[in-house]
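Topology and contacts: notes
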Amino acid sequence: MPKFNTKFELSVSDMDLIENALRASKLAKTQADVKARSQDEDVRQIHDLLGRLHNQKTFYRPSKGPYVGG
C-alpha cells in the first residue's frame, strides 16, 4: 500500500494563493441563500483548514532589540 506524502514544497506565494482561494470559497458558501447541512460542514472544514495553515506560519521577530508589533 502506498504511503502518503508528508513533505510538501510550497512557496509563500503558493500558500497565499491557497489561503485566498479558501477565504473566497468560505465567503461564497456563507453568503449563499441556501442553508444546507452540507454547506455548513464545508464552511467548518474550510475554517479549520485556514486555522491550521495560520498556526503553521513562522512570523518574523527580530532577535536583537525591542519588538514593535503593528
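Look up a bit, the structure's there.
Residues numbered from 1 in each chain as written. Predicted model: local features only at pLDDT ≥ 70, side-chain atom pairs only at ≥ 80, totals over all residues. Heavy atoms only, no water.

1. Let's talk about the overall build of the chain
A count of helical and extended segments in the chain gives 2 helices and 0 strands. Counting only residues that meet the buried cut, the chain has 10% of its 70 residues in that class. (Helix = DSSP H or I, 4+ residues; strand = E, 2+ residues; numbered from the N terminus. Buried < 20%, exposed > 50% of the residue type's maximum accessible area, 1.4 Å probe, protein only.)

2. What about the environment of Ser 11?
Here Ser 11 is to be found in the segment before helix H1 (12-30). Overall, the relative accessible area of 33% leaves Ser 11 in the partly exposed class.

3. Quick look at a nonpolar patch on the surface
Together, Phe 8, Leu 10 and Ile 18 line one region of the surface with nonpolar side chains, adding up to about 310 Å² of accessible area. Position of Phe 8 relative to the elements: it lies in the segment before H1. Judged by relative accessible area, Phe 8 falls into the exposed class, the value being 61%. (Patch = residues over 30% accessible without salt bridge, like charges linked within 9 Å, V, L, I, M, F, W, Y side chains within 5 Å. Areas by Shrake-Rupley, 256 points an atom, 1.4 Å probe, with all protein chains shown as cover. Salt bridge = Lys/Arg side-chain N within 4 Å of Asp/Glu carboxyl O.)

4. Brief notes about the pattern of salt bridges
Here the structure, examined in full by the defined rule, presents 2 salt bridges. Across the pair Glu 19 and Arg 23 runs a salt bridge whose closest N-O atoms are separated by 3.3 Å. Remark: Arg 23 and Glu 19 occur in helix H1; sequence separation between them is 4 residues, near one turn of the helix.

5. Brief notes about the side chain of Glu 19
A residue is classified by how much of its surface remains accessible, and Glu 19, at 7% relative accessible area, is buried. For Glu 19, the contacting residues outside a window of four places in its chain are Leu 50, Leu 53 and Lys 57. (Contact = heavy atoms within 4.5 Å.)

Treat this as a map of the structure, not an account of what it does.
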